[in-house]
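Survey of secondary and tertiary structure
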Amino acid sequence: MDPKVWENPMAFVPDRFLSNDINDGGKVFDITGSGEIKMMPFGAGRRICPGLGLAMLNLEYFVANLAWFFEWKIVDRVDVDLEEKHEFTVVMKNPLLAHVCPRLR
Ligand code: HEM
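The chain is annotated in an unreviewed UniProt entry as Cytochrome P450 of Acer saccharum. For the record of the chain, the UniProt heading Subcellular location (unreviewed entry) holds the text "Membrane". Here is the UniProt Cofactor (unreviewed entry) comment for the chain, exactly as written: "heme".

**A short note on the pairing of strand E1 (residues 70-74)**
Along E1, only zero of the five residues are buried, which leaves the element largely exposed. Pairing between E1 and strand E4 (residues 98-102): five bridges, direction antiparallel. Across the sheet, the residue bridging to tryptophan 72 is valine 100, located in E4.

**A word on the UniProt feature "binding site: heme" (unreviewed entry) in the chain**
Summarizing the sequence annotation, UniProt attributes the feature "binding site: heme" (unreviewed entry) to Cys49 in the numbering used throughout. Ignoring any residue separated from it by four or fewer positions in sequence, one finds cysteine 49 in contact with Phe42 and Gly43.

**A few points about the site of the ligand**
Near the ligand, the surroundings consist of Pro41, Phe42, Gly43, Ala44, Arg47, Ile48, Cys49, Pro50, Gly51, Leu54, Ala55 and Leu59. By residue class, the composition of the shell around the ligand is nine nonpolar, two polar and one charged.

Reading the values: rules and limits
Residues numbered from 1 in each chain as written. Predicted model: local features only at pLDDT ≥ 70, side-chain atom pairs only at ≥ 80, totals over all residues. UniProt positions renumbered as here; feature names shortened; annotations may be inferred. Buried ≥ 20, exposed ≤ 12 C-beta atoms within 10 Å, placed from the backbone. Helix = DSSP H or I, 4+ residues; strand = E, 2+ residues; numbered from the N terminus. Pairing = 2+ DSSP bridges. Contact = placed C-beta atoms within 7 Å. Near = placed C-beta within 6 Å. Nonpolar A, V, L, I, M, F, W, Y, C, P; charged D, E, K, R; others polar.

This is the structure we're talking about:
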């Protein structure tokens, strides 16, 4: 992949969360801010969230279930737009529109 795409924080490159370094063979993305700070949803340092491990397990389970039980489709003629805006936190400028249907068993 072109490294310039990788460096653009707005580009849809979920693989960036597999590694801190595209050449290191899949080391896990550091969300603890112990090396460099790229993303620290649980804070960093001495007061880092002690529930980090529990929260990550739950989030993976939650997202896996959303993908397993529902079919997700974008709304016709509305592209996914990753542009952001600053409110209390950073949010999507144009919220994601999706059709969500239960998968038939
Ligand atoms: C997605 C879920 C969660 C997020 C995003 C989150 C995020 C955070 C953040 C940003 C802090 C502040 C860290 C700092 O001051 O540097 C924090 C603190 C804390 N979190 Fe979480 N947390 C989550 C889940 C949990 C869970 C599941 C528990 C407990 C079971 C927990 C317990 C705590 C406690 C006790 C603190 C205070 C730590 C201190 O001040 O020393 N959190 N969390």
